[in-house]
Amino acid sequence: MEKCAVLAVQGAFAEHEKSLSRLGCEYIELRQASDMRKSFDRLILPGGESTVMGKLTRELGMFDELKSLITDGMPVFGTCAGLILLAKSVDGGEVHLGTMDISAKRNAYGRQLGSFSAVTKVGDIPDFPMVFIRAPYISELSAPAEILAEWDGKIVAAREKNMLATAFHPELTDDLRIHEMFLKM
Ligand code: GLN
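All values derive from a computational prediction rather than experimental measurement. (Residues numbered from 1 in each chain as written. Predicted model: local features only at pLDDT ≥ 70, side-chain atom pairs only at ≥ 80, totals over all residues. Heavy atoms only, no water.)

### With respect to the overall build of the chain
Turning to step 1, where the next piece is worked out: What the chain contains, in helices and strands, is five helices and twelve strands.
Turning to step 2, where the next piece is worked out: Expected size for 185 residues packed as a compact globule is a radius of gyration near 16 Å; at 15 Å, the chain falls within 12% of this value.
Turning to step 3, where the next piece is worked out: Projected onto its principal axes, the C-alpha positions of the chain cover 40 × 35 × 30 Å.
Turning to step 4, where the next piece is worked out: The buried share of the chain, taken over its 185 residues, is 54%.
Turning to step 5, where the next piece is worked out: Within the chain, contacts between residues at least 6 apart in sequence are counted, and of these 63% link residues at least 24 apart.
Turning to step 6, where the next piece is worked out: For the chain, the exposed surface amounts to about 8200 Å²; the carbon and sulfur share of it is 47%. (Helix = DSSP H or I, 4+ residues; strand = E, 2+ residues; numbered from the N terminus. Rg over C-alpha atoms; globule rule 2.2 N^0.38 Å. Buried < 20%, exposed > 50% of the residue type's maximum accessible area, 1.4 Å probe, protein only. Contact = heavy atoms within 4.5 Å. Areas by Shrake-Rupley, 256 points an atom, 1.4 Å probe, with all protein chains shown as cover.)

### Brief notes about the pairing of strand β10 (residues 146-151)
Turning to step 1, where the next piece is worked out: Bridging between β10 and strand β11 (residues 154-160) involves five bridges; their strand directions are antiparallel. Looking at β11, one finds that Glu146 is bridged to Arg159.
Turning to step 2, where the next piece is worked out: Hairpin geometry of β10 and β11 is characterised by an intervening segment of two residues between the two adjacent antiparallel strands and by a positive phi of about 55° at Asp152. (Pairing = 2+ DSSP bridges.)

### Comments concerning the site of the ligand
Turning to step 1, where the next piece is worked out: As a structural note, the neighbourhood of the ligand is formed by Gly47, Gly48, Glu49, Ser50, Cys80, Ala81, Ile84, Arg106, Asn107, Ile133, Arg134 and His169.
Turning to step 2, where the next piece is worked out: Note that a nitrogen atom of the ligand is positioned 2.7 Å from one of the side-chain N or O atoms of Asn107.
Turning to step 3, where the next piece is worked out: Within the backbone of Ile133, an N or O atom sits 3.0 Å from a nitrogen atom of the ligand.
Turning to step 4, where the next piece is worked out: Protein burial of the ligand: of its 300 Å² of free accessible surface, 98% is covered by the chains.
Turning to step 5, where the next piece is worked out: For the ligand, the cavity whose grid points lie within 2 Å of the majority of its atoms is the largest pocket.
Turning to step 6, where the next piece is worked out: Residue composition of the shell around the ligand, grouped by class: four nonpolar, five polar and three charged. (Near = heavy atom within 4 Å. Polar contact = N/O pair within 3.5 Å; in protein donor to acceptor, adjacent residues only side chain to side chain. 1 Å grid on protein atoms, 1.4 Å probe; cavity = no way out; pocket = protein on both sides within 12 Å on 5 of 7 lines; lining within 4 Å. Sits in = over half its atoms within 2 Å of the grid points. Nonpolar A, V, L, I, M, F, W, Y, C, P; charged D, E, K, R; others polar.)

### Some details on the packing of aromatic side chains
Think of a pair of aromatic rings as described by two things: how far the centres are apart, and how the planes are tilted against each other in angle.
Turning to step 1, where the next piece is worked out: One pass over the structure, following the stated rule, counts ten aromatic pairs.
Turning to step 2, where the next piece is worked out: A centroid spacing of 4.6 Å and a plane angle of 10° characterise the contact between Phe116 and Phe132, whose relative ring orientation is stacked. Note that Phe116 is positioned in strand β7 (residues 115-122) and Phe132 in strand β8 (residues 125-133), a separation of 16 residues in sequence. Judged on exposure class, the residue Phe116 and its partner Phe132 are both buried.
Turning to step 3, where the next piece is worked out: Here Arg58 stacks its cationic end above the ring of Phe63, 4.4 Å away from the centre of that ring. (Phe/Tyr/Trp six-rings, centres within 6.5 Å; stacked < 30°, edge-to-face > 60°. Lys NZ or Arg CZ within 6 Å of the ring centre and 35° of its normal.)

### Remarks on unusual backbone geometry
Turning to step 1, where the next piece is worked out: For the bond running from Ala143 to Pro144, omega is 10°, close enough to zero to count as cis.
Turning to step 2, where the next piece is worked out: As for its position among the elements, Pro144 is in the loop between β9 (137-141) and β10.
Turning to step 3, where the next piece is worked out: Phi is positive for Cys80, close to 55°, though the residue is something other than glycine.
Turning to step 4, where the next piece is worked out: Locating Cys80 in the fold gives a position in the loop between β4 (76-79) and α4 (81-86).
Turning to step 5, where the next piece is worked out: Positive phi outside glycine occurs at Lys161, with the angle close to 45°.
Turning to step 6, where the next piece is worked out: Its location among the elements puts Lys161 in the loop between β11 and β12 (163-166).

This is how it looks when you write it as C-alpha cells:
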C-alpha cells in the first residue's frame, strides 16, 4: 500500500495526518534525517512558518534530500507555508526548495484579513471551503505551472507536474476532496 510522508518538524502536520487517515492512506512523519530512509511514495509540506521549516530542514540535514525527491518526480502537496517552501521566488522571504514555477507573496492579505474563509472552485472541484491563515498568494506563475483556483483576483492554488500547492488549508476542514486529488497524482 502507498505511504505518504508528512514533514513534521513544525506546523500543522497532525491535521494532514488526520485527513490521510480518514482517506485510509498510511503515513509516516519526517522529523529527522534518519526518517528520510523510510519508504514512502508521496510527500506533504504542511502549513506553519516557512522560515522555521526551511531553517529546521537545513539544520536537521533533510533539505537536500527533500529537494531531490521532488525534482525526481515524487508527488508533493504544499499547503500555505508548504507552498512558500516550493516557490521559485518569494516576496517577503527567502527561497527554500524552489522547485515550482510560482512566486509566492508571504502574509499577503495584511493584518485585517489575517485569517478568513471563502468558497470557490478548485480545479474540477466545485465549492471548496478555503481556510486562510496569514496566507500567501501566488503573485506570478509560469508554464508548466497551471492555475487551479483564484480568489479575489489572486491565484490561491496551482499545480505543476508532480507538485500541488494551495495557499489555504484543506486539512483544517472536513472536506477531503483536495487530499483525494493529491492521492491520485
Ligand atoms: N505566514 C506563514 C509563512 O509565511 C504561512 C502561514 C501558514 O502556513 N498558515 O510561512
